[in-house]
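Tertiary structure, described
In case you want the letters, here they are:
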Amino acid sequence: MSRQDHIREFAANALTEKRVDYFIGWKQGYNSSEMIPAFVTDPAEADQLVWNPLCHHNLVTFIKRNMPEPADAKVGLCVKGCDSRTLVALLQEGLVDKDRLYVVGVPCDGIVDRRKLEKMFSSEITEIEFPERGKVKVTTRAGETKELDQKDVELIGCAHCRYPNPLYSDNTAGPLEKEPDREETKPDWSALEQYESLSDDVKQALLEKIYATCIRCFACIHVCPVCVCWDKCVNRSRQPELVSQKVGPKENLLFQMVHMFHVAGRCPSCGACDRACPVEIPLGLLHAKMNKEIYDMFGFEPGVKLDEKPVFQVFDLKDQFGD
Amino acid sequence: MASKYLKSEQLPAFLESLAKNARVVAPFKRDGVTQYEPWQSGKDVELDVLLAKQSPKEYVFLQTETYLKFGYEMAPVPEGAEGEDAVPYETVKVDPQNEAPKQVIFGLRPCDVRGFVQMDQVFGGYGGFYFDPLYNARREATTLLAVTCREPRSTCFCTSVGGCPSSREGADVLFTQIEGGFFVEPITDKGEAIAEAAGAALTDPTDTQATEANEAKLASATKVDPAFDLEGVRDALHDNIADKRWADLAMRCVSCGTCTYVCPSCYCFSINDSIVETKGDRYRCWDNCFNPVYTEETSGHNPRAKKMNRFRNRFSHKFWYYPDKYDSLLCSGCGRCIANCPTRIDIREVIRVMGAPKEAPAASGAVAASAAAAAAVAAAADTTTEGKEA
Amino acid sequence: MAEATNNQASGAATTGAAPGGAGAPDRPVKVVGIVCNWCSYAGADTAGVGRFKQPANLRLIRVPCTGRIDPLFALKAFEKGADGVLISGCHPGDCHYSEGNYYARRKFELAERMIHHLGIPPERFKWTWVSASEGQRWQKVVTEFVAGVQKLGPREGKAL
Ligand code: SF4
Ligand code: SF4
Ligand code: SF4
Ligand code: SF4
């Protein structure tokens, strides 16, 4: 039985037995190159659910505060390894109610970065297939077809994923994926090195260029599963105007820094914000650095242990910061 | 005015000549993302990637526009004043801003142009409503050089909303890519002035080139997939306002606002003051109906408190309230909102479902829509069409 | 350029002089100090009463406790044009509210590291502890910090 079959079966059962009001998984969007979140209420419709390396959406977004409709709905959802860490982060702080959730864990061996693919073709991608495990076949509107290795076109986070298997779930869709040796290997932040080696002035100029293109659409914070006050955001406050509503590189960067600080200790670098940004701002540059420093300061990885408290919610008398 | 021909190699020289009198804006690819940006000598215009990520509306309807600077200062005490008159008091000095430099936007698509045409209604004083001097000054100073789409995307549906990939509506000049260059059709006085100024860069086209351009236009129109039948959509939206399916469709929306900011015709904004010490700016900046606090009132009451209410508003506004008030749709079928939405909410699907009369099966729209597409093609071929709303 | 805040346009047009570099304006630096009411503000007061000479570039903002200080305050100060930001409060163990500064020091440490990540040099951001009785220490901290900022000169930050 494939993982997809497991997901469909779990969803259908949960719906039939009325354990959930609706089940959130992934389904095909307007063509086979786009997967989108699926909300299933009828057990007979569970067979529209799919699982493949295009299922990038972190569905935990849809259970954060003020997202579920109705607010007290009992919700079933699928989580990948990285998604589960955002769920654990919410549970650690009691920001979601465990009793209203039914979680299907989906062990994951990597998600395709559709944007990497887009940049390889001048015509629009209209079809993506997976002829065998590890292979991606892309077809464009102009009729061009190319077969690629999945590893070459995965999201940056996937290459060094430490938690491919969900850390919290009620059921698991199929066998677990092979885990890296977490005792032996430290988290990998080599993607940051190039930026970190730049001089201060070059960093500022680069950030200015990057953040000048932000359009303040707020997709990044709205999709962020651990950004729980998304709909009452300080970044939107006009009176007092804590963060300017003007759109410019400084204001935009300030707004991103606010988001970053507000999810510090909760954000596991799931990458949902990165993928949602319509103008492709590399938001991970801030979040990865934040997680690197948090790991360096506390040896802490967000959203890993259910009974742990996020580092900024507690303190230790023995902390060695400051002079 | 007679049509012209522009060789591909002459394009940089042509843009260079425009840049002498105006700022030139065109689509460029930077780090793999195509966007409208000010043109600089040596940059290659990107015409192969269809549709820049964002519409060019930000060049006319600025995302942040400071329209007033103000400052507090002490009023001078008149000489010889006594008693109360001699008490110094503070006044506010107001300095309105309204800059509208000349600009030419090259390489925008007919749906981008139509975005301006539709937005003109709301800012242009249509029906005795407010005439916005800022917008109109910029609009007046802007010349639109549209390019026929060669390879419409799978998300394009201009033909279903009365447009077409070679529509002349609202454009000052229409360029159509043919063998070795462009077939150039000046449409308005502004367009003719541009063509005249270009001088020798533009040559007279041969008959073959004219035929080729016409064929290219017909070919591209047939590549746009019909999405829905516009007939009856307005009434159906009205009838379906309380329909439960709105909530179902809105489920995967995250209420972000990407769709509105990439859209060529969404025009909502808010107004803010920003003050440092005694000096401040009053500016307007884009806002959108998906912003959870967009309709929040001072009392704390929010008439569109739920995601579903906001979701319903966007589509109903485009296909029902706006047409009612301004006699124009508020969607040009560019498909940007579909391709850029983080969860790919599909406006075509929304209209197919919610814009279908209650009793009729939702799918019937597509059939009639092909008839609409055929009509659009015919309209495109007829180069004299003034481009009136279907 | 019609409007500096038109995002596409400004993004393309400005990648010129280095921040705080050659084109920086010639003016005394502006330093924002964010201090807690109970210790550092009182410490500054002690310094004042003791007539210890202090640089005039510092503008103090008094907050109840370092636990109240959001890293956003420092970033906002930079965004609004501060050349340096100094944060100070009670020594650990002396917090008027017992534990505010224990939470705060975790935040400040992360803030400091992230501020450097943005290309703002370490000399422009400092956080420390000064108690109410340490007038002399306050004088030293402020003088040294402002001198450090002055050495870099006024800031023309491109991003933040
Ligand atoms: S998603 Fe991207 S463009 Fe939108 S607000 Fe976030 S960073 Fe800016
Ligand atoms: S900030 Fe971005 S990476 Fe971090 S949890 Fe939120 S969406 Fe995921
Ligand atoms: S439709 Fe899509 S882009 Fe628009 S608000 Fe909803 S999630 Fe955002
Ligand atoms: S609503 Fe969507 S398809 Fe219509 S004009 Fe706006 S972005 Fe384009």
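Below: a short report on this structure. (Residues numbered from 1 in each chain as written. Chains lettered and ligands numbered in written order. Predicted model: local features only at pLDDT ≥ 70, side-chain atom pairs only at ≥ 80, totals over all residues. Heavy atoms only, no water.)

Assigned secondary structure in chain C consists of five helices and four strands. In sequence order, the secondary structure elements of chain C are arranged as α-β-α-β-α-β-α-β-α. The burial tally for chain C puts 54% of its 160 residues in the buried class. Across chain C, contacts joining residues at least 24 apart in sequence account for 81% of those joining residues at least 6 apart. (Helix = DSSP H or I, 4+ residues; strand = E, 2+ residues; numbered from the N terminus. Buried < 20%, exposed > 50% of the residue type's maximum accessible area, 1.4 Å probe, protein only. Contact = heavy atoms within 4.5 Å.)

On to the site of ligand 4, then. Residues and elements named next belong to chain B. The full set close to ligand 4 counts 14 residues, and Cys263, Cys331, Cys334, Gly335 and Cys337 are the nearest of them. Elements with a minimum of two residues in the shell around ligand 4: α9 (307–326) and α10 (336–340). Tallied by class, residues from the shell around ligand 4 come to seven nonpolar, four polar and three charged. (Near = heavy atom within 4 Å. Nonpolar A, V, L, I, M, F, W, Y, C, P; charged D, E, K, R; others polar.)

Let's shift gears to the interface of chain A and chain C. At the junction of the two partners, chain A supplies 51 residues and chain C supplies 42 residues. Between chain A and chain C, a total of about 4300 Å² is buried, with carbon and sulfur atoms accounting for 62% of that surface. The largest share of the area that chain A buries against chain C comes from Gln204, Lys250 and Phe315 of chain A, three residues that together contribute 17% of it. The shortest N-O distance in the salt bridge between Asp319 of chain A and Arg106 of chain C comes to 2.8 Å. Here chain A and chain C share 16 residue pairs in polar contact (both at pLDDT 80 or more) between them. Counting residues per element, the ones that place at least two in the side of chain A that touches chain C are α6 (200–211), α8 (249–262) and α10 (284–298) of chain A. Residue composition of the side of chain A that touches chain C, grouped by class: 30 nonpolar, six polar and 15 charged. (Buried area = accessible area lost by both parts, 1.4 Å probe. Salt bridge = Lys/Arg side-chain N within 4 Å of Asp/Glu carboxyl O. Polar contact = N/O pair within 3.5 Å; in protein donor to acceptor, adjacent residues only side chain to side chain.)

A word on the site of ligand 1. The environment of ligand 1 is made up of 14 residues, and the closest members are Cys214, Cys217, Phe218, Cys220 and Cys277 of chain A. For the shell around ligand 1, a count of residues per class yields twelve nonpolar, one polar and one charged.

All names here are of chain B. Under the counting rule described, the total for this entry stands at 35 aromatic pairs over all chains. Ring geometry for Phe228 against Phe319: centres 5.9 Å apart, planes inclined by 80°, an arrangement best described as edge-to-face. Of this pair, Phe228 sits in the loop between α5 (207–222) and α6 (233–239) while Phe319 sits in helix α9, placing them 91 residues apart in sequence. One exposure class covers both Phe228 and Phe319, and it is buried. An aromatic cluster is built from Phe61, Phe123, Tyr126, Phe129, Tyr135, Tyr261, Tyr267, Phe269, Trp286, Tyr322 and Tyr326, whose rings are joined through pairwise contacts. Positioned above the aromatic ring of Phe129 is the side chain of Lys325, whose terminal nitrogen or guanidinium carbon lies 4.5 Å from the ring centre. (Phe/Tyr/Trp six-rings, centres within 6.5 Å; stacked < 30°, edge-to-face > 60°. Lys NZ or Arg CZ within 6 Å of the ring centre and 35° of its normal.)

To continue, consider the pattern of salt bridges. Think of it this way: side chains of opposite charge can pair up when their charged atoms draw near. A complete count under the given rule lists 56 salt bridges over all chains for this structure. Put simply, Lys232 of chain A and Glu296 of chain B hold a salt bridge, and the shortest N to O gap is 3.2 Å. One end of the pair, Lys232 of chain A, is in the loop between α7 (219–223) and α8; the other, Glu296 of chain B, is in the loop between β12 (279–286) and α9, on a second chain. Taking relative accessible area as the criterion, Glu296 of chain B reaches 33% and is therefore assigned partly exposed. A salt bridge links Glu293 of chain A to Lys289 of chain A, with the nearest nitrogen and oxygen atoms 2.8 Å apart.

Looking now at the packing of helix α2 (residues 110–123) of chain B against helix α3 (residues 133–140) of chain B. Two measures define how a pair of helices packs: the angle their axes make with one another and the distance between the axes. Residues and elements named next belong to chain B. Packing of α2 against α3 brings their axes to within 10 Å, and their N-to-C directions diverge by 145°. Handedness of the α2/α3 crossing: left-handed. Listed contacts from α3 to Phe116, Val117, Met119, Asp120 and Phe123 of α2 are Tyr135, Asn136 and Arg139. For the contact of α2 with α3, the per-class residue count stands at five nonpolar, one polar and two charged. (Axes fitted to C-alpha atoms, helices over the stretch in contact; angles between N-to-C directions. Left-handed = near helix turned anticlockwise from the far one by under 90°.)

We now examine the sheet that holds strand β3 (residues 75–79) of chain A. Residues and elements named next belong to chain A. The strand order across the open sheet built from five strands is β2-β1-β3-β4-β8, with neighbouring strands paired in mixed fashion. Both edges of this open sheet fall to β2 (35–40) and β8 (171–172), since each of them pairs with a single strand only. With six bridges connecting them, strand β1 (residues 22–28) and β2 associate as antiparallel partners. Each bridged residue has a counterpart across the sheet, and for Gly25 the counterpart in β2 is Ala38. Contacts from helix α1 (residues 3–16) reach β1, β2, β3, β4 (101–105) and β8, with the element oriented near 150° to β1. Relative to the sheet, helix α2 (residues 81–92) contacts β1, β3 and β4, its axis offset from that of β3 by approximately 130°. (Pairing = 2+ DSSP bridges.)

Quick look at α9 of chain B now. Residue and element names in this part refer to chain B. Along α9, the sharpest change in direction is near 60° and occurs at His317. Counting buried residues in α9 gives 16 out of 20 residues, a clear majority hidden from the surface. Within two residues after α9, Asp327 carries a phi angle of roughly 55°, on the positive side. (Bend = angle between axes of the 7 residues up to and from the residue.)

Another point: the state of the cysteines. Residues and elements named next belong to chain C. Taken as a whole and judged by the stated rule, the model has one disulfide over all chains. Residue Cys39 pairs covalently with Cys90 via a disulfide, S to S 2.3 Å. Handedness of the Cys39-Cys90 disulfide follows from its S-S torsion of about 100°: it is right-handed. Of this pair, Cys39 sits in the loop between β1 (31–36) and α2 (40–49) while Cys90 sits in the loop between β3 (84–89) and α4 (100–117), and the two are 51 residues apart along the sequence. Considered together, Cys39 and Cys90 belong to a single accessibility category, that of buried residues. (Disulfide = S-S within 2.5 Å.)

As a further point, take the side chain of Asn272 of chain B. The topology assignment puts Asn272 of chain B in strand β11 (residues 269–276). When near neighbours in sequence (up to four residues on either side) are disregarded, Asn272 of chain B contacts Arg238, Glu241 and Gln245 of chain A together with Asp281, Arg282, Tyr283 and Cys285 of chain B.

In this structure, His262 of chain A sits in helix α8. By relative accessible area, which is 37% here, His262 of chain A ends up partly exposed. The spatial distance from the C-alpha of His262 of chain A to the C-alpha of Gln194 of chain A is 26 Å, given a sequence separation of 68 residues. Setting aside chain neighbours within four positions, we find His262 of chain A in contact with Val234 of chain A together with Asp70 of chain C.

Residues and elements named next belong to chain A. Where α8 meets α10, the closest approach of the two axes is 10 Å, and the angle between their N-to-C directions is 40°. Of the possible angle classes, the one that applies to α8 and α10 is oblique. Between α8 and α10 lies a crossing of right-handed hand. Between α8, through Leu253, Gln256, Met257, His259 and Met260, and α10, the contact on the second element is made entirely by Leu286, His287 and Met290. Classifying every residue of the contact of α8 with α10 by side-chain character gives five nonpolar, three polar and no charged. (Parallel < 35°, antiparallel > 145°, perpendicular 65-115°, else oblique.)

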